[in-house]
Amino acid sequence: MSDVEKHSTSHDSRDENQEVGVFGLPPDPDAHLSQEEKDKIDRKLLWKLDWILIPWLCILYLLAFLDRTNIGNAKVAHLTDDLHLEVPKQYNETLTIFFISYSLFEPLTNVLLKKLRPSVFIPIIMILWGASMLGMGFVYNYSGLMAARWFLGLAEAGLFPGVNYYLSCWYKRSELGIRAAIFFSAAAVSGSFGGLLAAAIELMDGIGGRPGWAWIFILEGLLTIVFAVASFWMVHDFPDQARFLLNEDRVRVVRRLKLDDQSSAEHEEWKTSYLIAGLKDWKMWLGMVIYMGCDMPLYAFSLFLPTIIQELGWSTNPVRSQLLSVPPYAAAALLTVVIGFVADRTRQRGLCNIFVSLIGIAGFLMLLASTDPRVKYAGTFLGALGIYPCISNTISWMANNIEGVYKRGVVLGFVIGWGNLNGIVSSNIYFSSPRYLEGHGVIVAYMALFLLGGSLLMTILLRVENNKRRTGKRDYLIEGKTAKEIEAMGDGRPDFIYTV
């Protein structure tokens, strides 16, 4: 990440020449140092944040995504046969119910995260979803599985929007993308890891009188609970409360965000006006459209990839099907990080979405058009490459362009919640084996209309708005306002330039 930091610190130098116009900027603890010494301290601080915050959060999301999608691995391990589920009807319903509870509670979670503090909120929800996952290993029928999946969705709802919101309160806009990409790449890694882990755990079939699929749920649930307890100490609070920072470092974090036209490190009290501001912002609604265009395909791909590979006809061995699902996820994890890096350096998040979505569309067209197992397996690679990078890039794009602590939390909650509500669609489109034409066709439509089309529209509209701000056509909005009132306008300020 050092190149990104070097790039961003060069911006800091220019920004510090404009400090006089920044409202509420705390005194510089390094004012007596040279610019070279300041840059060195800034890079050291950034590395400290990266190593303390990012690795643990990646582990937590790996566990979350593993727990929500391992039912696909369990299906290959004869879950549906042992519970006598009607396929695809009842199996798809167990997938659907997760997304209902997940989406209903997601918009509320960022407010709870802010009120309860990350070091309390995140471990609590982890214990709850770990217990739900553990319970799935002891169900004996359809209704028991449905109940466990409902509570799993309810408990997991706070992690993904919460962590993305949390990271946006620590990092500058030009630094967020690569961190969000590394965080989200844990989802792709969990696909690889999940396939390998499921293949190994299935060998426990019959131990303790439990089938192999039950042990997948039991062991992964216990693993989540262990990490949840550790998270009471390993998850840190927001910059103004983080115990691992010295007072001077807290000031430096606040200054970095202030000079980046953010007030995310400051304490705000919840007001209904933040909710109203989010609902009135057109970027939130278009962001919801874009995000549904990649999130529905994400869940469809994650839940059904083991089944799709099994239907290729290469092997009836469940373990081999699990292992063949590993390489597409590994490739997707790598591209996710690369796109995060490129988007941060170029600040062209819209163009990154457009390019990557075309790769994914090509992959699912291959799955639609071909009957050759080799071509279809190659299509799963392109499909994964076209979905995963767009998730973190879209969330970073939205976080970059929404200013204000609670407003950003509200907007991210709605965007991510709406995207996950479309998981209901993903749970009910793969039902005509072995070619699954309906499923692949719906994914192509989502990616072409919502992801590609929405990204094109967002890019055009933001470029038009930025041009108006640069040419002074929005300056009338701040006439007669005080510095504090202007700052309270957030991303509505004329000097706030959107990331396109």
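Our structure is the block above this text.
Not measured: the values here are computed from a predicted model.

Visitor: With reference to specific residues and values, describe the overall build of the chain.
Guide: Along the backbone of the chain there are 20 helices and zero strands. The C-alpha radius of gyration computed for the chain amounts to 23 Å, which stays within 12% of the reference 23 Å derived for 500 residues, consistent with globular compactness. Structurally, the chain occupies a C-alpha span of about 70 × 45 × 40 Å along its principal axes. In the chain, which comprises 500 residues, the proportion classed as buried is 59%. Sequence-distant contacts in the chain: of pairs separated by 6 or more residues, those separated by 24 or more amount to 83%. For the chain, the accessible area works out to roughly 18800 Å², and carbon and sulfur atoms hold 66% of it. Between the centroid of the 45 positive side chains of the chain and the centroid of its 47 negative side chains there is a distance of 3 Å.

Visitor: An account of the packing of helix α2 (residues 35–76) against helix α9 (residues 212–234) is requested, with residue identities and associated values reported.
Guide: Closest axis-to-axis distance for the α2/α9 pair is 10 Å, and the angle between their directions is 165°. As far as their axial angle goes, α9 and α2 are roughly antiparallel. With respect to the hand of their crossing, α2 and α9 are arranged in left-handed fashion. For the pair α2 and α9, contact is made by Trp56, Ile59, Leu60, Leu63, Leu66, Asp67, Asn70, Ile71 and Ala74 and by Trp213, Ile216, Phe217, Glu220, Leu223, Thr224, Phe227, Ala230, Ser231 and Met234, respectively. Counted by class, the contact of α2 with α9 contains 14 nonpolar, three polar and two charged residues.

Visitor: So, the nonpolar core: which residues are in play, and what are the values?
Guide: Among the nonpolar cores identified, the biggest contains 129 residues, and Leu49, Tyr61, Phe160, Trp170 and Tyr388 are the most heavily contacted of them. Among residues more than four places away in sequence, those in contact with phenylalanine 160 are Tyr61, Tyr102, Phe183, Phe184, Tyr291, Ile391, Ile395 and Ile416. In terms of nonpolar packing, the next biggest core, distinct from the first, is built from five residues, Ala198, Ile201, Ile216 and Ile218 among them.

Visitor: Just give me the short version of the environment of alanine 186, but keep the residues and values in it.
Guide: Note on placement: alanine 186 falls in helix α8 (residues 173–201). The exposure class of alanine 186 is buried, given its relative accessible area of 4%. In this structure, the C-alpha to C-alpha distance between alanine 186 and leucine 57, residues 129 residues apart in sequence, is 9.2 Å. Those residues in contact with alanine 186 that lie beyond four places of it in its chain are Cys58, Tyr61 and Leu62.

Calculation criteria
Residues numbered from 1 in each chain as written. Predicted model: local features only at pLDDT ≥ 70, side-chain atom pairs only at ≥ 80, totals over all residues. Heavy atoms only, no water. Helix = DSSP H or I, 4+ residues; strand = E, 2+ residues; numbered from the N terminus. Rg over C-alpha atoms; globule rule 2.2 N^0.38 Å. Buried < 20%, exposed > 50% of the residue type's maximum accessible area, 1.4 Å probe, protein only. Contact = heavy atoms within 4.5 Å. Areas by Shrake-Rupley, 256 points an atom, 1.4 Å probe, with all protein chains shown as cover. Lys, Arg positive; Asp, Glu negative; His and termini not counted. Charge placed at Lys NZ, Arg CZ, Asp CG, Glu CD. Axes fitted to C-alpha atoms, helices over the stretch in contact; angles between N-to-C directions. Parallel < 35°, antiparallel > 145°, perpendicular 65-115°, else oblique. Left-handed = near helix turned anticlockwise from the far one by under 90°. Nonpolar A, V, L, I, M, F, W, Y, C, P; charged D, E, K, R; others polar. Core = buried A, V, L, I, M, F, W, Y, C linked by side-chain atoms within 4.5 Å.

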